[in-house]
Amino acid sequence: MLKKLSNNIGAKLKTNLVKNSFWGIFSNIFQNILFSVFFIIVARQYTTEDFAHYIIANTLYATVVGFASLGLGNWFIRELINTDDKNSLIDKFFKIQLYVGVIFYIVNIIMAYTLYDNQLIRNLSLIIGINVIFDNVIYVIKFINVAHYEQKKTFVILTVEAVLKFLLACVLFFYPINIFYLSFFLIALRLITLNLFIKFGSSGLINLRHILTVKVKMTELKTIIGKNWAFAIIASISVVYWRVGSIIVSKVIPLGVTDYEISFKFFSLAEILPVIVSSSLYPLLLNAYKKSAADMSQVYKRAFIAYALFGLLAFTFMYSFSDLLVPLLFGEKYAGTAIYCKEMFLTILVFPTALLQANVMITLKLENLDMIGNVGSLVINLLLCFILFQFYHTLSVVNYAIFFSFLAFHIMQDVVLVRRKMTNIGHVLLFYIASAAIVVSYYYLSEIMNPYWLFFTFWPVTGLLCWAIFAKYFKNGFGLSPAE
């Protein structure tokens, strides 16, 4: 009886993981194709200077919004799964996010006026920064859907937004719009998205009348933040980690910010799959851990193989095709950006597995250690930028600083998980040695072979070898079978 029940639970969890991951990956790929087309059209239709100013304003907003949510999403999921009074928790969390969003919108404006003298950047920040408030409201609904395995609602609404944004970009082909007014129209579209989330994407759990009347005492807010401040720092750093590079470049090499953002646009597309799968995998890790640490370890190890292979696949693809893709999509004026794309994609070698390991640490309630690792990684990143910019004024400084600081963070995670017996030293060393061997081999092979043919030859051979070695790890899904 227990075995049958366990089988049913495992099958349901695997079904939810596959279903939500499928919808997440499919819709995010579609959304990002449309968002990328929007980005490409804007890059082509506006001058490099106007485009750079638009990017800087968006970077400030993206940096601030990383702090604005207070990083309470994982805490909210954990509480929502375990509490009986779900409506009260949702109302309070919604109101907290709304208040904090307004505060951080003001912070966004202060940063724009403090860091930049350019009036266009300031004006754009006034408009684009409103997204901070909208995002905080949408943030609540997104995590409600994650907790209920209903991400499909989130993905459908965001896809509608992507289509509207794409249609707005198409207008630029027929009628030139001032970059400031373009930002205004984008906010109007975001308001439509917000209304769709509240009316159709919240499973009927958002009641504006209850939210307006619910009271959130300052002592209660302090208690929530005090108990979960590590989440806030982790979430903030995860955003600042990437946006700070753009801010640094905008101050040191002003027009270099376009090269950075184009490179990051490709990176953002590459990280869709591990990010979406991780959002579905996190509840699965939580449920596996309820059974035993050994069950969660099996889920982690098997997912790790897939994440590591994806990182290698993404790096080699960009290494082979960036010289073709960048000028093809953005125009010949950005042909030199390809080399920076290759440099930035070094980080994708460790990003997916670091994301997985962060989820494992949070599941183990080691968010404080994860936070320390994030802070340490950011400090290393900033120090490397500060030191190397004294000698080299090139975007490569930022790209290599990100990679080595991320590598240091990954090693810290490895140490913690080995000590917690989630993995072992052999597993860790195999990852680094195999990754280094593949990257070095690929680099030298690309010197003697056509890079396009190399990619389509290298991965079928590597895929067959990996399947022969690791097939047994996947025959039982993610290790949820009670036969383990």
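Residues numbered from 1 in each chain as written. Predicted model: local features only at pLDDT ≥ 70, side-chain atom pairs only at ≥ 80, totals over all residues. Heavy atoms only, no water.

1. Considering the overall build of the protein
Each helix and strand in the protein was counted, giving 19 helices and zero strands. Here the protein holds 484 residues, and the buried ones make up 55% of them. A separation threshold of at least 6 residues defines the contact pool for the protein, and within that pool the share at least 24 residues apart is 84%. Carbon and sulfur atoms provide 70% of the accessible area of the protein, an area that totals close to 22,100 Å². (Helix = DSSP H or I, 4+ residues; strand = E, 2+ residues; numbered from the N terminus. Buried < 20%, exposed > 50% of the residue type's maximum accessible area, 1.4 Å probe, protein only. Contact = heavy atoms within 4.5 Å. Areas by Shrake-Rupley, 256 points an atom, 1.4 Å probe, with all protein chains shown as cover.)

2. A look at the side chain of Glu261
Here Glu261 lies in helix 11 (residues 256–270). Owing to a relative accessible area of 8%, Glu261 belongs among the buried residues under this scheme. Not counting residues up to four positions away in its chain, the partners in contact with Glu261 are Phe39, Ile55, Thr59, Arg243 and Ser246.

3. Focus on the nonpolar core
By size, the foremost hydrophobic cluster in this structure holds 105 residues, and its most contacted members are Val42, Leu182, Trp242 and Phe345. Residue contributions to this core peak at 16 residues, all from helix 13 (residues 293–330). Among residues more than four places away in sequence, those in contact with Val42 are Phe51, Tyr54, Leu172, Ile179 and Leu182. Ile127, Val140, Ile157 and Ile187 belong to the second largest nonpolar core, which has 18 residues in total. (Core = buried A, V, L, I, M, F, W, Y, C linked by side-chain atoms within 4.5 Å.)

4. Details of the environment of Phe345
Among the structural elements, Phe345 can be located in the loop between helix 14 (338–344) and helix 15 (351–363). The sequence separation of Phe345 and Phe266 amounts to 79 residues, and the corresponding C-alpha distance is 8.8 Å. Beyond its immediate chain neighbours, meaning those up to four positions away, Phe345 contacts Ser263, Phe266, Phe267, Ala270, Ala314, Phe315 and Met318.

5. What to know about the packing of aromatic side chains
Counting across every chain of the model gives 28 aromatic pairs. Here Phe304 and Phe431 contribute two aromatic rings whose centre-to-centre distance is 5.2 Å and whose plane-to-plane angle is 80°, an arrangement assigned as edge-to-face. Of this pair, Phe304 sits in helix 13 while Phe431 sits in helix 18 (residues 425–448); the two residues are 127 residues apart in sequence, bridging distant segments of the chain. Among the aromatic residues, those joined into a ring-pair cluster are Tyr260, Phe264, Phe267, Phe345, Phe351, Phe406 and Phe409. Across from the ring centre of Phe38, 4.8 Å away, lies the NZ or CZ of Lys165, which sits over that ring. Positioned over the ring face of Phe39 is Lys265, at 4.9 Å from the centre of the ring. (Phe/Tyr/Trp six-rings, centres within 6.5 Å; stacked < 30°, edge-to-face > 60°. Lys NZ or Arg CZ within 6 Å of the ring centre and 35° of its normal.)

6. Regarding the pattern of salt bridges
Pairs can form between side chains of opposite charge whenever their charged atoms are close. Evaluation of the coordinates by the stated rule reveals four salt bridges. Asp117 serves as the salt-bridge partner of Arg122, at 3.8 Å between the closest nitrogen and oxygen. Classification of Arg122 as buried rests on a relative accessible area of 16%. On the accessibility criterion, Asp117 (71% relative accessible area) is exposed. The salt bridge involving Asp323 is made with Lys342; its shortest N-O contact spans 2.8 Å. With Asp323 in helix 13 and Lys342 in helix 14, this pair connects stretches of sequence that are 19 residues apart. A relative accessible area of 46% places Asp323 in the partly exposed class. (Salt bridge = Lys/Arg side-chain N within 4 Å of Asp/Glu carboxyl O.)

7. A closer look at the environment of Ala354
Along the chain, Ala354 falls in helix 15. Sequence separation of Ala354 and Ala308 is 46 residues, and the distance between their C-alpha atoms is 9.6 Å. In contact with Ala354, other than residues within four places in its own chain, are Phe406, Phe409, His410 and Gln413.

8. A closer look at a nonpolar patch on the surface
A surface patch of nonpolar side chains, amounting to about 740 Å² of accessible area, comprises Val375, Val379, Leu383, Phe386, Ile387, Phe391 and Tyr392. In this structure, Ile387 sits in helix 16 (residues 367–388). Judged by relative accessible area, Ile387 falls into the partly exposed class, the value being 44%. (Patch = residues over 30% accessible without salt bridge, like charges linked within 9 Å, V, L, I, M, F, W, Y side chains within 5 Å.)

9. Describing the environment of Thr154
Mapped onto the fold, Thr154 is located in helix 7 (residues 151–171). In this structure the C-alpha to C-alpha distance between Thr154 and Leu196, which are 42 residues apart in sequence, comes to 9.7 Å.

10. Describing unusual backbone geometry
If you check the backbone angles, Lys365 has positive phi at about 60° while not being a glycine. Tracing the backbone through its elements, the reader meets Lys365 in the loop between helix 15 and helix 16. For Lys365, a relative accessible area of 59% gives the class exposed. Even without being glycine, Lys421 reaches a positive phi, approximately 65°. With respect to the helices, strands and loops of the structure, Lys421 is situated in the loop between helix 17 (396–419) and helix 18. What makes Lys421 exposed here is its relative accessible area of 68%.

11. Re the packing of helix 2 (residues 48–68) against helix 5 (residues 119–128)
Their axes nearest at 9 Å, the elements helix 2 and helix 5 cross at an angle of 45°. As the angle between them shows, helix 2 and helix 5 are arranged oblique. Helix-helix and strand crossings are classified by hand; for helix 2 and helix 5 the assignment is right-handed. Together, Asp50, His53, Tyr54, Ile56, Ala57, Asn58, Leu60 and Tyr61 of helix 2 and Leu120, Ile121, Leu124, Ser125 and Ile128 of helix 5 make up the contact between the two elements. Each residue belonging to the contact of helix 2 with helix 5 can be placed in one class, and the counts come to nine nonpolar, three polar and one charged. (Axes fitted to C-alpha atoms, helices over the stretch in contact; angles between N-to-C directions. Parallel < 35°, antiparallel > 145°, perpendicular 65-115°, else oblique. Left-handed = near helix turned anticlockwise from the far one by under 90°. Nonpolar A, V, L, I, M, F, W, Y, C, P; charged D, E, K, R; others polar.)

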